[in-house]
Amino acid sequence: MEASSFGITNGKTKVFHPVAKDVNILFDELEAVSSPCKDDDSLLHPGNLTSTSDDASRLEAGGETVPERNKLNGLYFRDGKCRIDYILVYRKSNPQIEKREVFERNIRAEGLQMEKESSLINSDIIFVKLHAPWEVLGRYAEQMNVRMPFRRKIYYLPRRYKFMSRIDKQISRFRRWLPKKPMRLDKETLPDLEENDCYTAPFSQQRIHHFIIHNKETFFNNATRSRIVHHILQRIKYEEGKNKIGLNRLLTNGSYEAAFPLHEGSYRSKNSIRTHGAENHRHLLYECWASWGVWYKYQPLDLVRRYFGEKIGLYFAWLGWYTGMLFPAAFIGLFVFLYGVTTLDHCQVSKEVCQATDIIMCPVCDKYCPFMRLSDSCVYAKVTHLFDNGATVFFAVFMAVWATVFLEFWKRRRAVIAYDWDLIDWEEEEEEIRPQFEAKYSKKERMNPISGKPEPYQAFTDKCSRLIVSASGIFFMICVVIAAVFGIVIYRVVTVSTFAAFKWALIRNNSQVATTGTAVCINFCIIMLLNVLYEKVALLLTNLEQPRTESEWENSFTLKMFLFQFVNLNSSTFYIAFFLGRFTGHPGAYLRLINRWRLEECHPSGCLIDLCMQMGIIMVLKQTWNNFMELGYPLIQNWWTRRKVRQEHGPERKISFPQWEKDYNLQPMNAYGLFDEYLEMILQFGFTTIFVAAFPLAPLLALLNNIIEIRLDAYKFVTQWRRPLASRAKDIGIWYGILEGIGILSVITNAFVIAITSDFIPRLVYAYKYGPCAGQGEAGQKCMVGYVNASLSVFRISDFENRSEPESDGSEFSGTPLKYCRYRDYRDPPHSLVPYGYTLQFWHVLAARLAFIIVFEHLVFCIKHLISYLIPDLPKDLRDRMRREKYLIQEMMYEAELERLQKERKERKKNGKAHHNEWP
């Protein structure tokens, strides 16, 4: 659902280069700053178990100071004054003692304050609490170019004409009768959502008087403080040596067990948020974002960004935008389906199939499959019409255009978000080299052209050889997928005969549907098992390539995992769409696998019903499984941890643990970051677009899933996972290129589905060339009279092969053995000059199919490129806002400097130090 803007929204400005002399620091409404905290890590406190009821009674008694209250919430040091910005966890029994001591000594040397606490559950676990004083935050915020607010925005309202004003008044009167924005969050009852819309600039200690500082302790929010501390920890040495630096390496070698910022208290409260307000940002996010009661409301993206950082905020912004764009696609898909329902009684083809009691179809498998009347497939013909009707082609074109519009408008939406979140001019810092890369190529170095420092170098030949091996591994795994599909094909071929000879009449009469259904379920199980294997193989191949930086490693791993899972998930669907029933031969000359198994044929009513079943079952099962695993696994793990704690300390009272203990017992975020969340949605996007012509309800299923997915992910981030480090990003990365590739592939696949899998082209050719309206330029239902008979060929039963001859002679239909049966194809009868040769109608249909594919692809690609050209990446109003903001910022900076100089001049005059020769 499209996100709305609440909370702090920062604008964009340029970096200020002028340097000023030392100036007096003035704070508006500055609260008293607490004295520096003592770093007493030599005294290790074991911690105390406190009862929740005792804490509540003490708070009710009153008379407590703020530091005393802070001691109880677990977010501060023991003195209740220094806020905990970061937590490190290690075990006493870990042998890496010397590295930790050097690392912690260097932490104190950087100015960070430290305090240690033992775990209440396990005395072997030690928590290291870190706090960054104002001086350290200011110094590193300036180095990191952290943008901070310095002046409230002034909005320019364009002149409105009287006529437009009158229209606005009439519209506002009409809106009074409508609900007041039911999908937006209520800012009156949630006062914490008030916007703080300010211009921002890179923080500078020399120009600190320009920034809005009411309280130094809250000037940098918690996410920014944690990011600064993490930045410091990544640059601290733990051992002598050029590469012995950074927290990540200590986490890799096991010196520390975990490192994370703290959640801001509990996400639950006894008091209502509407009457008492939110206790903290986590509680606010839970109530207005992760709660199921607000599933229909927009996401508070600015709050998400403020708490979790821009990278996670962008993911939820993209997910909300994708979900919102699914509404028109789901509506049109549902309309196509309902159009098929309403026109079902008027479909001439379905009528002819249901009335064809005298047409006997040839068996669909060897020996055990009986002859059957065409009218027995009446139900399947009607179901096929629900998905394969006159609106299908329109829907396929619409979805191809929709995919382009979705991506183009996401560019615009991302530009607005990047502007609001100060990401327009943000550039990633020069990334550090991965430790594995350094260890492998430390002997060979060359100068970095950017930093001018020597760094490890990978030879071109070594890189090429590794890429070749990795590509070979990818090709081998794709072959494994093809082998799995081949196994499913053999299962379908063998099982259809088994089901045809089954004792139960229900299964025996629906052998093909039973075969398809069981094959899809088995295919789903194979997909889930192979996904586990593919993750390990992708990890092995990516590490084998030895990427230089973490972003290169992430992009390489993402591409492999997407390729593996995409092929794994869609290979069977491609087989059913384009190969099932296409190369079976004809009765009397069937093509066979290994000269033994006869290839499977389509149902008498067509192959589209098999494709619909494949997509529907896989899509529903996969989405259900993913949602269960995303939320079920963390819930079970956290429940098990709480159960062990209750067993150790007794269930007679509620134990109140400090916040660091609670967060440590939560599940850490996925090691691959947001990879699993993006991958799930990208694969769903593929299902929604690639074969949508065969399954118009796919966008509706995707929409329903995403409405649940947003709240599931929100609940997981807020309640079940440790707080991830707030990191910045400008866009969704390599996933955008993958989305564009899927959009191009969807045009091709939908063209082939309509032309080859569905009966749209054969019906069109019959209506214009062979039907009652041939040569009249009409193609209505009356023109389809006789289509079913014209699409079936005649076969003489005596021409059956010995191994294909059915056990029944068909005497149950007319009392005498059958002489002829019918099958789906365009072939000559057995008594013609060339028995069972292709008819002229076959070649007309084939030519029409090829022509449709070419015309459809070129037309849709032209529309896609035209839309891409017409929709600018940057909205015009945003471009104007940016230009005007640059002008206003220059004016503000000039006024601020002039005001400061005037104040200094007045102070000098007041102190009697004015000079008569100074300029006015």
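As the structure is a computational prediction, the values presented were derived from the model and not from experiment.

Thresholds, definitions, all that
Residues numbered from 1 in each chain as written. Predicted model: local features only at pLDDT ≥ 70, side-chain atom pairs only at ≥ 80, totals over all residues. Heavy atoms only, no water. Helix = DSSP H or I, 4+ residues; strand = E, 2+ residues; numbered from the N terminus. Buried < 20%, exposed > 50% of the residue type's maximum accessible area, 1.4 Å probe, protein only. Contact = heavy atoms within 4.5 Å. Salt bridge = Lys/Arg side-chain N within 4 Å of Asp/Glu carboxyl O. Core = buried A, V, L, I, M, F, W, Y, C linked by side-chain atoms within 4.5 Å. Expected span 1.5 Å × (residues − 1). Polar contact = N/O pair within 3.5 Å; in protein donor to acceptor, adjacent residues only side chain to side chain. Phe/Tyr/Trp six-rings, centres within 6.5 Å; stacked < 30°, edge-to-face > 60°. Axes fitted to C-alpha atoms, helices over the stretch in contact; angles between N-to-C directions. Parallel < 35°, antiparallel > 145°, perpendicular 65-115°, else oblique. Left-handed = near helix turned anticlockwise from the far one by under 90°. Nonpolar A, V, L, I, M, F, W, Y, C, P; charged D, E, K, R; others polar. Disulfide = S-S within 2.5 Å. Pairing = 2+ DSSP bridges. pLDDT = per-residue confidence, 0-100. Patch = residues over 30% accessible without salt bridge, like charges linked within 9 Å, V, L, I, M, F, W, Y side chains within 5 Å. Areas by Shrake-Rupley, 256 points an atom, 1.4 Å probe, with all protein chains shown as cover.

### Comments concerning the overall build of the chain
Logical step 1: Helix and strand counts for the chain stand at 30 helices and 18 strands.
Logical step 2: The 920 residues of the chain split such that 51% are buried.
Logical step 3: Restricting the contact set of the chain to residue pairs at least 6 apart, pairs at least 24 apart contribute 78%.

### Considerations on the pattern of salt bridges
Logical step 1: The full count for this structure, using the stated rule, is 23 salt bridges.
Logical step 2: With a shortest N-O distance of 3.6 Å, Glu-408 and Lys-411 are connected by a salt bridge. With Glu-408 and Lys-411 both in helix α15 (residues 392-420) and three residues apart, this pair spans about one turn of that helix.
Logical step 3: Judged by relative accessible area, which is 21%, Lys-411 ranks as partly exposed.
Logical step 4: Residue Asp-462 pairs with Arg-466 through a salt bridge whose shortest N-O separation is 3.1 Å. Taken together, the residues span about one helical turn, with Asp-462 and Arg-466 both in helix α17 (residues 460-500) at a distance of four residues.

### Brief notes about the environment of Met-619
Logical step 1: Relative to the helices and strands, Met-619 is located in helix α21 (residues 608-649).
Logical step 2: Along the backbone, Met-619 and Phe-687 are 68 residues apart, and their C-alpha atoms lie at a distance of 7.6 Å.
Logical step 3: When residues no more than four places from it in sequence are discounted, the contact partners of Met-619 are Gln-684, Phe-687, Thr-688, Ala-698, Leu-701 and Ala-702.

### Focus on the nonpolar core
Logical step 1: If you look at the biggest cluster of nonpolar residues, it comprises 150 residues, and the most contacted ones within it are Phe-308, Trp-318, Tyr-322, Trp-402 and Phe-406.
Logical step 2: No other element matches helix α12 (residues 310-342), which puts 16 residues into this core.

### Focus on helix α30 (residues 876-910)
Logical step 1: With 35 residues, α30 should cover 51 Å at 1.5 Å per step; its first-to-last C-alpha distance of 51 Å lies within 8% of that length.
Logical step 2: What α30 keeps buried is the set Leu-878, Met-882, Glu-885, Leu-888, Ile-889, Met-892, Met-893, Ala-896, Glu-897 and Arg-900.

### Details of the side chain of Lys-560
Logical step 1: The topology assignment puts Lys-560 in helix α20 (residues 550-578).
Logical step 2: Among the residues examined, Lys-560 registers a relative accessible area of 5% and is labelled buried.
Logical step 3: Only 2.6 Å separates the side chain of Lys-560 from the side chain of Ser-556, close enough to count as a polar contact.

### Topic: the packing of aromatic side chains
Logical step 1: Summed over the entire model, instances satisfying the criterion amount to 52 aromatic pairs.
Logical step 2: The interplanar angle of 45° and the centroid separation of 5.7 Å between the aromatic rings of Trp-134 and Phe-220 together place this pair among those described as tilted. Highlighted residues: Trp-134 in helix α4 (residues 134-143) and Phe-220 in the loop between α6 (216-219) and α7 (222-233), separated in sequence by 86 residues. Assigned by exposure class, Trp-134 and Phe-220 land together as buried.
Logical step 3: When the ring of Phe-316 is compared with that of Phe-717, the centres are 5.6 Å apart and the planes differ by 75°; the resulting orientation is edge-to-face. Taken together, the residues Phe-316 in helix α12 and Phe-717 in helix α24 (residues 698-720) connect sequence positions 401 residues apart.

### A closer look at the packing of α15 against helix α29 (residues 840-870)
Logical step 1: Packing of α15 against α29 leaves a shortest axis separation of 9 Å and a crossing angle of 30°. Comparing the axis directions of α15 and α29 gives the class roughly parallel. As for how α15 packs across α29, the hand of that crossing is right-handed. Note on element contacts: α29 touches α15 through Phe-852, Phe-856, Val-860, Ile-863, Lys-864, Ile-867 and Ser-868, opposite Val-393, Ala-396, Val-397, Ala-400, Val-401, Thr-404, Val-405 and Glu-408.
Logical step 2: Looking at the contact of α15 with α29, its residues break down into 11 nonpolar, two polar and two charged.

### Topic: the state of the cysteines
Logical step 1: Here the structure, examined in full by the defined rule, presents three disulfides.
Logical step 2: Disulfide pairing places Cys-354 opposite Cys-378 at an S-S distance of 1.9 Å. Across the S-S bond linking Cys-354 and Cys-378, the dihedral sits near 80°, which makes this disulfide right-handed. Pair noted here: Cys-354 is in helix α13 (residues 348-355) and Cys-378 is in helix α14 (residues 378-387), with a separation of 24 residues, a long-range link.
Logical step 3: Residue Cys-354 is classed as partly exposed on the basis of its relative accessible area of 23%.
Logical step 4: Here Cys-362 connects covalently by a disulfide to Cys-821, the sulfurs 1.9 Å from one another. Judged by the torsion about the S-S bond (90°), the Cys-362/Cys-821 disulfide is right-handed. Placement of Cys-362 in the loop between β8 (360-361) and β9 (372-373) and of Cys-821 in strand β18 (residues 820-824) is noted, with a sequence separation of 459 residues between them. Here Cys-362 and Cys-821 have matching classes, each one buried.

### Some points on the sheet that holds strand β2 (residues 86-91)
Logical step 1: Strand order across the open sheet formed by four strands is β3-β4-β2-β7, with antiparallel pairing between neighbours. Sheet topology places β3 (113-118) and β7 (258-260) at the edges, where each strand pairs with a single neighbour. Going across the sheet, the axis of each strand differs from the next one's by a mean of 20°, ignoring polarity.
Logical step 2: Sitting on the sheet, helix α3 (residues 97-109) is in contact with β2, β3 and β4 (125-131), with an inclination near 160° to β2.
Logical step 3: Against the sheet, α7 makes contact with β2 and β4, and its axis sits at roughly 50° relative to β2, the strand it touches most.

### Observations regarding the confidence of the model for the chain
Logical step 1: A residue-level look at the chain finds 82% of positions with pLDDT of 70 or above and a mean pLDDT of 79.
Logical step 2: Below pLDDT 50 for its whole length, residues 1-63 participates in 173 contacts with residues either more than four positions away or in separate chains.
Logical step 3: This stretch, residues 914-920, has a pLDDT under 50; its non-local contacts, to residues over four places away or in other chains, come to six contacts.

### Remarks on unusual backbone geometry
Logical step 1: Although it is not a glycine, Asn-145 adopts a positive phi angle of roughly 55°.
Logical step 2: As for its position among the elements, Asn-145 is in the loop between α4 and β5 (147-152).

### Quick look at a nonpolar patch on the surface
Logical step 1: A cluster of nonpolar side chains, namely Tyr-838, Leu-840, Trp-843, Leu-846 and Leu-850, defines an oily patch on the protein surface of about 510 Å² accessible area.
Logical step 2: Structurally, the position occupied by Trp-843 is in helix α29.

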